[in-house]
Amino acid sequence: MAEKAIAVVDTNVLLNLATPVVDGRPKAPTGADPLKALLTAYEVHLPASVLGELGEATGNDDLLSAAADLVLQAAHHVRTHDVDGRPEEPLDYGLDRGESEGIWLANDLEADLFITDEFNTTNYLFVALALDDRNTLFTTPHVLCTLATHGILPAEYVAAALRYYVETKSWDARYIAQLRQQYLVD
């Protein structure tokens, strides 16, 4: 069996992948589990601070808390790393601790992917500069499209999920349209 690609994932990616699974509203896509698909397709690594951020998001009666609970229930499927002892200062690009530590971890592991949802901001450029290998940078919608391309998630589900995220998360519709054109159109 081939080795799985190593993916270092940020908190928001995990929350965004879990959200449609726990969202019972009619506009939420159904029929697949993007969080489970990611955890099955990749060897997922996290800095410990990401689990801390997920823990902070729990305890409320809202969609974010439900998504965080689902991710924490699946935490035994990820490898967690203590990145606290780094002598370096946090990256000063407007990134939070989990994102900064995720970049360090991706560089240390020479990860195949670093997945972030900073694509709606100029921080995406800073993340790209901070990664040792610029080819490792992915976004949640990019990974979803890749999972569809490899038959891990149904293309119809990914198309519905991308619409859902544009509507509920205000993801950049032009960026999503480009991904759809590249990955989902026959």
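These remarks concern the structure in this document. Keep in mind that this is a model prediction, so the values were computed, not measured.

## A few points about the environment of leucine 72
Reasoning step 1: Within the fold, leucine 72 resides in helix α4 (residues 63-73).
Reasoning step 2: Measuring from C-alpha to C-alpha, the distance between leucine 72 and leucine 14 comes to 9.7 Å, with 58 residues separating the pair along the chain.
Reasoning step 3: Not counting residues within four places of it along the chain, the set of residues in contact with leucine 72 comprises Leu51, Leu54, Gly55 and Thr58.

## Topic: the nonpolar core
Across soluble globular proteins, nonpolar side chains show a tendency to be buried alongside one another.
Reasoning step 1: If you look at the biggest cluster of nonpolar residues, it comprises 44 residues, and the most contacted ones within it are Val9, Leu14, Leu38 and Ile115.
Reasoning step 2: Sort the elements by how many residues they give to this core and helix α8 (residues 155-169) lands first, with seven residues.
Reasoning step 3: Ignoring any residue separated from it by four or fewer positions in sequence, one finds leucine 38 in contact with Val9, Leu14, Leu17, Val44, Ile115, Val143 and Leu147.

## Topic: α4
Reasoning step 1: Residues of α4 that are buried include every one of Ser65, Ala67, Ala68 and Val71, and no others. Take α4 and look down its axis: the buried residues cluster within an arc of 160°, on one side only.
Reasoning step 2: For α4, the elements touching its buried residues are α1 (11-22), α2 (34-41) and α3 (48-56).

## Overview of the pattern of salt bridges
Reasoning step 1: Taken as a whole and judged by the stated rule, the model has three salt bridges.
Reasoning step 2: Close ionic contact of arginine 79 with glutamate 43 constitutes a salt bridge, the shortest N to O distance being 3.1 Å. With arginine 79 in strand β3 (residues 79-81) and glutamate 43 in strand β2 (residues 42-47), this pair connects stretches of sequence that are 36 residues apart.
Reasoning step 3: Exposure remark for glutamate 43: the relative accessible area of 22% places this residue in the partly exposed category.

## Details of the environment of glutamate 43
Reasoning step 1: Along the sequence, glutamate 43 and alanine 7 sit 36 residues apart, while their C-alpha atoms lie 6.0 Å from each other.
Reasoning step 2: If sequence neighbours within four positions are ignored, glutamate 43 has contacts with Lys4, Ala5, Ile6, Ala7 and Arg79.
Reasoning step 3: A polar contact of 3.1 Å, which involves the side chain of glutamate 43, links it to the side chain of arginine 79.

## Quick notes on the pairing of strand β4 (residues 113-116)
Reasoning step 1: Of the two faces of β4, the one holding Leu113 and Ile115 and the one holding Phe114 and Thr116 are both buried throughout.
Reasoning step 2: One ladder, built from three bridges, connects strand β1 (residues 5-9) with β4; its direction is parallel. The partner of alanine 7 across the bridge, within β4, is leucine 113.
Reasoning step 3: For β4 and strand β5 (residues 137-139), the ladder comprises three bridges, and the chain directions are parallel. Bridge pairing in β5 links threonine 116 to threonine 139.

## A few points about the packing of aromatic side chains
Reasoning step 1: Scanning the model with the defined rule gives two aromatic pairs in all.
Reasoning step 2: Ring geometry for tyrosine 165 and tryptophan 171: centres 4.2 Å apart, planes at 25°, overall stacked. The exposure classification of tyrosine 165 matches that of tryptophan 171, with both residues buried.
Reasoning step 3: Joined through ring pairs, the aromatic side chains of Tyr164, Tyr165 and Trp171 make up one cluster.

Rules and cut-offs
- Residues numbered from 1 in each chain as written.
- Predicted model: local features only at pLDDT ≥ 70, side-chain atom pairs only at ≥ 80, totals over all residues.
- Heavy atoms only, no water.
- Helix = DSSP H or I, 4+ residues; strand = E, 2+ residues; numbered from the N terminus.
- Contact = heavy atoms within 4.5 Å.
- Core = buried A, V, L, I, M, F, W, Y, C linked by side-chain atoms within 4.5 Å.
- Buried < 20%, exposed > 50% of the residue type's maximum accessible area, 1.4 Å probe, protein only.
- Arc of directions from axis to C-beta.
- Salt bridge = Lys/Arg side-chain N within 4 Å of Asp/Glu carboxyl O.
- Polar contact = N/O pair within 3.5 Å; in protein donor to acceptor, adjacent residues only side chain to side chain.
- Pairing = 2+ DSSP bridges.
- Phe/Tyr/Trp six-rings, centres within 6.5 Å; stacked < 30°, edge-to-face > 60°.

These figures come from the coordinates and say nothing about function on their own.
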